[in-house]
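Structural description and commentary
The residues making up each chain are set out below.
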Amino acid sequence: MAARGLAAEALTAYRGLLRATRKSFAGDTVMLEGSAAEVRKKFEENRHVTSEPEIRKLLDEAREASDFISNMIVQAKLNSRGGYEVKPSKDHAGATLEVPSEEILKNSV
């Protein structure tokens, strides 16, 4: 029975991560596809983990990642003046905003 419960928790964590990426990267096809592929890859890498403590640790990490993506990542959008605008939502209230450098932006393309 415990294994079934852990499987359900894993599915919930997986869906939560995908939901967080869809919300944070809405409108950015490259990031949506890349983040979904990365989430899938990480879950596939750990598919054969059988130790309950290790599974719980991985589930905690997945929940933390989902929370981080939802609350700490803000997608900058190119505006009509050629600059980038960041519009944090109420989920980001109280978070510290770190604006990426021009070099990071150039290398991300």
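Residues numbered from 1 in each chain as written. Predicted model: local features only at pLDDT ≥ 70, side-chain atom pairs only at ≥ 80, totals over all residues. Heavy atoms only, no water.

Per an unreviewed UniProt entry, the chain is named Complex 1 LYR protein domain-containing protein, and its organism is Lactuca sativa. Regarding the chain, the UniProt comment filed under Subcellular location (unreviewed entry) reads as follows: "Mitochondrion matrix". (UniProt positions renumbered as here; feature names shortened; annotations may be inferred.)

**So, the overall build of the chain**
Counting secondary structure elements, the chain contains 4 helices and 2 strands. Mapped in sequence order, the helices and strands of the chain form the string α-α-α-β-β-α. Across the 109 residues in the chain, those meeting the buried criterion constitute 20%. Summarising the internal contacts of the chain: among those between residues at least 6 apart in sequence, 52% fall at separations of at least 24. Taken as a whole, the chain presents about 8,300 Å² of accessible surface, with 56% of it coming from carbon and sulfur. (Helix = DSSP H or I, 4+ residues; strand = E, 2+ residues; numbered from the N terminus. Buried < 20%, exposed > 50% of the residue type's maximum accessible area, 1.4 Å probe, protein only. Contact = heavy atoms within 4.5 Å. Areas by Shrake-Rupley, 256 points an atom, 1.4 Å probe, with all protein chains shown as cover.)

**Observations regarding the packing of aromatic side chains**
For the structure on display, the rule yields 1 aromatic pair. Ring geometry for Tyr14 and Phe43: centres 5.2 Å apart, planes at 75°, overall edge-to-face. Taken as a pair, Tyr14 in helix 1 (residues 2–24) and Phe43 in helix 2 (residues 29–45) lie far apart in primary sequence, 29 residues in all. (Phe/Tyr/Trp six-rings, centres within 6.5 Å; stacked < 30°, edge-to-face > 60°.)

**Looking at the nonpolar core**
Leu6, Ala13, Tyr14, Leu17, Leu18, Ala20, Val39, Ile55, Leu59, Ala62 and Ile69 form the largest nonpolar core, which has 11 residues in total. Where this core is concerned, the elements lending two or more residues are helix 1 and helix 3 (52–72). For this core, the element with the most residues is helix 1, which contributes 6 residues. With sequence-adjacent residues up to four places away left out, Leu6 is seen in contact with Glu52, Ile55, Arg56 and Leu59. (Core = buried A, V, L, I, M, F, W, Y, C linked by side-chain atoms within 4.5 Å.)

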